[in-house]
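# Structure assessment
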Amino acid sequence: MITPAAYKSKLGIVETEMAIKKVKDYFESKLSEVLKLVRVSAPLFLQEGTGLNDNLNGTERVVSFDALDIKNEKLEIVQSLAKWKRSALAKYQFPVGTGLYTDMKAIRRDEILDNLHSMFVDQWDWEKVIVQQDRTVGTLKDEVEKIYKALTATEQYVHQLYPSLQPILPKSIHFVTSQELENMYPSLTPKEREDKIAKKHGAVFLMQIGGMLNSGRKHDGRSPDYDDWSLNGDIIVWFPILERAFELSSMGIRVDKKALLKQLKESNCEDRKNLAYHQAVLRGELPFTIGGGIGQSRLCMFFLQKAHIGEVQVSVWNDEILKECKEANIQLL
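The rules we used
- Residues numbered from 1 in each chain as written.
- Predicted model: local features only at pLDDT ≥ 70, side-chain atom pairs only at ≥ 80, totals over all residues.
- Heavy atoms only, no water.
- Helix = DSSP H or I, 4+ residues; strand = E, 2+ residues; numbered from the N terminus.
- Rg over C-alpha atoms; globule rule 2.2 N^0.38 Å.
- Buried < 20%, exposed > 50% of the residue type's maximum accessible area, 1.4 Å probe, protein only.
- Contact = heavy atoms within 4.5 Å.
- Areas by Shrake-Rupley, 256 points an atom, 1.4 Å probe, with all protein chains shown as cover.
- Lys, Arg positive; Asp, Glu negative; His and termini not counted.
- Charge placed at Lys NZ, Arg CZ, Asp CG, Glu CD.
- Phe/Tyr/Trp six-rings, centres within 6.5 Å; stacked < 30°, edge-to-face > 60°.
- Lys NZ or Arg CZ within 6 Å of the ring centre and 35° of its normal.
- Core = buried A, V, L, I, M, F, W, Y, C linked by side-chain atoms within 4.5 Å.
- Pairing = 2+ DSSP bridges.
- Axes fitted to C-alpha atoms, helices over the stretch in contact; angles between N-to-C directions.
- Polar contact = N/O pair within 3.5 Å; in protein donor to acceptor, adjacent residues only side chain to side chain.

Helix and strand counts for the protein chain stand at nine helices and eleven strands. Relative to the compact-globule value of 20 Å for 333 residues, the protein chain shows a C-alpha radius of gyration of 20 Å, a close match. With respect to the principal axes defined by its C-alpha atoms, the protein chain has extents near 55 × 50 × 40 Å. Classification of the 333 residues of the protein chain by burial places 51% in the buried group. Put simply, of all contacts in the protein chain between residues at least 6 apart along the chain, 74% involve residues at least 24 apart. For the protein chain, the computed accessible surface area is about 15600 Å², with 51% contributed by carbon and sulfur atoms. Positive and negative side-chain charges in the protein chain, numbering 45 and 46 respectively, have mean positions lying 3 Å apart.

Despite not being glycine, Gln 208 shows a phi value in the positive range, around 65 degrees. In this structure, Asn 268 takes a positive phi of about 55 degrees despite not being glycine. Looking at where Asn 268 falls in the secondary structure, it is placed in the loop between helix 6 (257-266) and helix 7 (276-282).

Counted by the stated rule, this structure contains nine aromatic pairs. Ring geometry for Phe 175 versus Phe 205: centroids 6.0 Å apart, planes at 70 degrees, classification edge-to-face. Remark: Phe 205 occurs in strand 8 (residues 203-207) and Phe 175 occurs in strand 7 (residues 174-177); sequence separation between them is 30 residues. By relative accessible area, which is 0% here, Phe 205 ends up buried. Ring geometry for Phe 302 against Phe 303: centres 5.5 Å apart, planes inclined by 70 degrees, an arrangement best described as edge-to-face. Looking at Phe 303, the relative accessible area reads 3%, which means it is buried. Aromatic ring contacts, followed pair by pair, group Phe 239, Phe 246, Phe 302 and Phe 303 into a single cluster. A cation over an aromatic ring shows up here: Lys 141 above the ring of Phe 175, its NZ or CZ 5.2 Å from the ring centre. The ring of Phe 246 carries Arg 298 above its face, with NZ or CZ at 5.8 Å from the centroid.

Turning next to the nonpolar core. Membership of the largest hydrophobic core comes to 55 residues, with the highest contact counts inside it found for Trp 126, Ile 147, Leu 151, Phe 205 and Leu 304. Non-local contacts of Leu 151, meaning those with residues more than four positions away in its chain, are made with Phe 27, Leu 169, Ile 235, Leu 248, Leu 299 and Phe 303.

Attention now goes to the sheet that holds strand 4 (residues 70-77). Backbone-to-backbone hydrogen bonds pair the strands of a sheet. The strands run either parallel or antiparallel. The three strands lie next to each other as 2-4-3, forming an open sheet whose pairing is antiparallel. Of all the strands in the sheet, the pair left with one neighbour each is strand 2 (45-47) and strand 3 (64-67). Neighbour-to-neighbour, the strand axes of this sheet turn through a mean angle of 40 degrees, independent of strand direction. With three bridges connecting them, strand 2 and strand 4 associate as antiparallel partners. In the sheet register, Gln 47 faces strand 4, and the bridge partner there is Leu 75.

All right, on to helix 9 (residues 319-327) then. Backbone nitrogen of Glu 320 and a side-chain oxygen of the N-cap are separated by 3.2 Å at the start of helix 9; the cap is Asn 318. Residue Asn 329 follows helix 9 closely and has a positive phi angle near 65 degrees.

Here's what the structure looks like:
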């Protein structure tokens, strides 16, 4: 927990609730416009054993349950829709250059709770169809800049509604790879590096996350079966309220057959090759895509300049966090 000195929210609770709706509606509309996306319905749970659920770092426990009228199968609460969306694009036959987005909600039972992390996750999960020739860094950067345009437009919109909320974002976003960042700050931890580069530039897209760096360590973990680790990254901004880097989005160009086999081997997850989703990738039955997730509560927290994610979403917190928030004048919903 970080508790800013003399913190006071610039919006009251009821005004905050109204602002959350306005922020979400505006950004969702801009995102759909700049990326050419159509909103579709999304699952809250999936069948176990299909390979469609996101394994995140591979260590998190999935929330699962059985159902009265579904025999001999377990169902899993989604952790994200990274792989489901690609299958949906194939099923719905979206043309190249267009895509879908969903209102994704999830439960992450092993999340370590703090200012930015909750067991309840809500994000816009999006995915669009590209051609094989567009599986390039240039394509990735183009899509990042479109999303950043939607972010800066939303910040200006919020400022017009609530003048006390002064804009923070710079005009443009800076691109850097995880290896370049390690070279710049070899003695720092990955999170400390993110703080340094975010404070320096205001907004960065940190690329190529998941593989080993020259130090023999990873910048951060990534599931091996959706993003191509050479063509992915995170949108990270500097957040002066907490004086730290603030991740808004994770995204990337998705694996083709070559990248999937390579990353499964590096992660000792080659047993996944026999799952239905992975077989579809290996047989070339799914389109080439790019996609990602953008945190809804994170976005509202950033634009409404809140000190804790619990100020913009309702979740469950431990006694220590409840006590610290009360003492720091942080009003949780």
